[in-house]
Amino acid sequence: MRSTNSLFDDAVIDCMASDRPPTVQELFHVAERIWAEGAADRSAFRWGRLAPTDPAKLLSLRAAQAALLGS
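Residues numbered from 1 in each chain as written. Predicted model: local features only at pLDDT ≥ 70, side-chain atom pairs only at ≥ 80, totals over all residues. Heavy atoms only, no water.

**Re the packing of helix α1 (residues 10-18) against helix α3 (residues 55-69)**
Axis separation between α1 and α3 bottoms out at 8 Å; the angle between their running directions is 45 degrees. Overall, the two elements α1 and α3 adopt an arrangement that is oblique. Within the contact between the two elements, α1 uses Ala11, Val12, Cys15 and Met16 and α3 uses Ala67, Leu68 and Leu69. Here the contact of α1 with α3 is composed, by residue class, of 7 nonpolar, no polar and no charged. (Axes fitted to C-alpha atoms, helices over the stretch in contact; angles between N-to-C directions. Helix = DSSP H or I, 4+ residues; strand = E, 2+ residues; numbered from the N terminus. Parallel < 35°, antiparallel > 145°, perpendicular 65-115°, else oblique. Contact = heavy atoms within 4.5 Å. Nonpolar A, V, L, I, M, F, W, Y, C, P; charged D, E, K, R; others polar.)

Shown next, in the form of structure tokens:
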């Protein structure tokens, strides 16, 4: 399913429409988008350089999980 609204990633629409948990790839994709769009000065290319325990990365992953699971 494709989103007609650029505000929502296709993975969010797919998970909600299918009532299924996200794949690991979907989770990280949505987290990266949340992180990159969360501040104007962030480059999506920096996402891969963040440490796995970086607070901003963890917060983005939690937000992505909430968006994809609906809670």
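**Here we look at the packing of aromatic side chains**
Each aromatic ring pair is summarised here by two numbers: the centre-to-centre distance and the angle between the ring planes. Throughout the structure, instances matching the rule amount to 1 aromatic pair. With a centroid separation of 5.9 Å and 55 degrees between ring planes, the pair formed by tryptophan 35 and tryptophan 47 is classed as tilted. Placement of tryptophan 35 in helix α2 (residues 24-37) and of tryptophan 47 in the loop between α2 and α3 is noted, with a sequence separation of 12 residues between them. The side chain of lysine 57 reaches across the aromatic face of tryptophan 47, ending 4.9 Å from its centre. (Phe/Tyr/Trp six-rings, centres within 6.5 Å; stacked < 30°, edge-to-face > 60°. Lys NZ or Arg CZ within 6 Å of the ring centre and 35° of its normal.)

**Here we look at α2**
Counted at 1.5 Å a residue, the expected span for α2 with its 14 residues is 20 Å, and the 20 Å between its end C-alpha atoms agrees. Here α2 has its buried residues at Glu26, Val30, Ala31, Trp35 and Ala36. Where α2 is buried, its residues meet α1 and α3. (Expected span 1.5 Å × (residues − 1). Buried < 20%, exposed > 50% of the residue type's maximum accessible area, 1.4 Å probe, protein only.)

**So, the pattern of salt bridges**
Summed over the entire model, instances satisfying the criterion amount to 2 salt bridges. Close ionic contact of glutamate 26 with arginine 20 constitutes a salt bridge, the shortest N to O distance being 2.8 Å. Judged by its relative accessible area of 15%, glutamate 26 falls in the buried class. Where glutamate 37 meets arginine 33, a salt bridge forms, and the shortest distance between an N and an O atom there is 3.0 Å. Taken as a pair, glutamate 37 and arginine 33 lie in helix α2 at a separation of 4 residues, close to a single helical turn. Using a relative accessible area of 57% as the deciding quantity, one classes glutamate 37 as exposed. (Salt bridge = Lys/Arg side-chain N within 4 Å of Asp/Glu carboxyl O.)

**Examining the environment of arginine 42**
Relative to the helices and strands, arginine 42 resides in the loop between α2 and α3. Judged by relative accessible area, which is 30%, arginine 42 ranks as partly exposed. If near-sequence neighbours (up to four positions away) are discounted, arginine 42 is found in contact with Trp35 and Ala36.

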